[in-house]
Amino acid sequence: MPQDRTTRPAPGPGRLLTGLIGAGVGPSLSPALHEREARELGLECSYARFDLDGLGGEPEAVGDLLARAAAEGRAGVNVTHPAKQAVLRHLDELSPDAAAIGAVNTVVFSGGRAIGHNTDWSGFRDGFLSGLPGAPLGQVVLLGAGGAGAAAAHALLSLGAGSLAVLDVDAGRAARLADDLAARFGSGKAIGAPVRALERMLVVADGLVHATPVGMAEHPGLPVPVSVLRPELWVAEIVYRPLETALLRAARARGCRTLDGGRMAVHQAAEALRLFSGREPDPARMLRHLAELVGGEGGAGRVA
């Protein structure tokens with residue numbers, strides 16, 4: 001059951017208190033991204049980090065940090081790894097999309113209640129529409145069935161993808177996600193498959209969405225053989241640090257249309273900021289700011 005939340009008085013006009021709950025959130029770019037865009041919107045934003053590592057790193061400690069954030073009078077918080085599912089039991093209400101996906105990355109405090117949202121899926125959707133306009137969606141391969149992959153899958157099928165093949169090193173996890181998607185979007189809309197099927201499936205696919213950590217600074221490398229990348233295939237990346245991953249470089253060299261992970265990161269952050277503040281952020285401006293932030297450091301943290 002959700003904890004009792006006794007909140008302090010709300011901050012004065014023009015002030016916005018928010019934050020991020022997760023493990024190892026020290027290097028996160030979310031504070032800089034949210035605070036700068038809030039200033040552009042006429043708000044003085046204080047975006048705090050609530051690190052699970054200080055409580056042993058256990059996902060269930062998210063409830064304590066959620067209660068602390070509410071008691072501080074914050075408008076809401078973002079939630080990141082490893083607590084996007086553990087937070088569910090500490091909430092009073094879920095948006096329809098968060099309930100369908102089974103994960104929450106944004107919590108809004110309102111009237112003493114904690115309401116969970118998922119802006120990851122809409123972040124991928126909006127980034128895809130702006131970054132790969134007109135890309136065919138007949139057959140899509142998703143590599144990675146974790147939280148980011150589940151959000152991307154929800155977005156792709158919401159956009160009308162004909163069929164989605166879900167692959168993961170954990171074949172059971174891929175099958176579970178595919179079954180859940182098929183139950184929501186229709187039989188045959190999603191199938192789970194082992195990673196060894198990747199090359200065979202990409203031969204006939206319109207697009208590839210990569211949703212594993214491979215390509216991040218601490219996990220360098222290519223998640224797929226270069227030989228499977230052909231000009232007719234579009235390639236979308238979830239990793240955004242660096243924005244230019246080895247996969248995107250290889251895909252462009254082979255003539256593929258590509259989408260970097262920065263667009264999903266920015267659009268999910270913009271939607272979260274909108275939920276927190278009631279104002280309309282400018283994703284194009286935030287994209288430029290993210291490029292500055294990522295270009296100025298070599299780390300591999302996360303934007304919520």
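Look above for the structure.
Residues numbered from 1 in each chain as written. Predicted model: local features only at pLDDT ≥ 70, side-chain atom pairs only at ≥ 80, totals over all residues. Heavy atoms only, no water.

Draft legend 1. A look at the nonpolar core. Residues Phe124, Leu156, Leu164, Val166, Val209 and Trp234 are the most contacted members of the largest nonpolar core, which totals 33 residues. Elements with a minimum of two residues in this core: helix 4 (120-131), strand 7 (139-143), helix 5 (147-158), strand 8 (163-168), helix 6 (171-185) and strand 11 (234-237). When residues in this core are grouped by element, the largest group, seven residues, is from helix 5. The contacts of Val209, once residues within four sequence positions are left out, are Phe124, Val140, Val141, Leu142, Leu143, Ala152, Leu156, Trp234, Ala236 and Ile238. Listed in part, the 22 residues of the second largest apolar core include Ile21, Val77, Ala98 and Ala114. (Core = buried A, V, L, I, M, F, W, Y, C linked by side-chain atoms within 4.5 Å. Buried < 20%, exposed > 50% of the residue type's maximum accessible area, 1.4 Å probe, protein only. Helix = DSSP H or I, 4+ residues; strand = E, 2+ residues; numbered from the N terminus. Contact = heavy atoms within 4.5 Å.)

Draft legend 2. Up close: the side chain of Lys84. Note on placement: Lys84 falls in the loop between strand 3 (76-79) and strand 4 (93-94). Residue Lys84 is classed as buried on the basis of its relative accessible area of 19%. Reaching out from Lys84, the side chain makes a polar contact with the side chain of Asp120 at a distance of 2.8 Å. (Polar contact = N/O pair within 3.5 Å; in protein donor to acceptor, adjacent residues only side chain to side chain.)

Draft legend 3. A look at the packing of aromatic side chains. For the structure on display, the rule yields two aromatic pairs. Ring centres 5.9 Å apart and planes at 25° place the aromatic pair Phe124 and Phe128 in the stacked group. Residue Phe124 and its partner Phe128 are both found in helix 4; the two are separated by four residues, about one turn of the helix. Residues Phe124 and Phe128 agree in their burial class; the two are buried. Measuring from centroid to centroid gives 5.0 Å for Phe128 and Trp234, while their planes differ by 70°, and the two rings are edge-to-face. Placement of Phe128 in helix 4 and of Trp234 in strand 11 is noted, with a sequence separation of 106 residues between them. For Phe128, a relative accessible area of 2% translates into the label buried. Since its relative accessible area comes to 2%, Trp234 is described here as buried. Members of the aromatic cluster, each reached through a chain of ring pairs, are Phe124, Phe128 and Trp234. (Phe/Tyr/Trp six-rings, centres within 6.5 Å; stacked < 30°, edge-to-face > 60°.)

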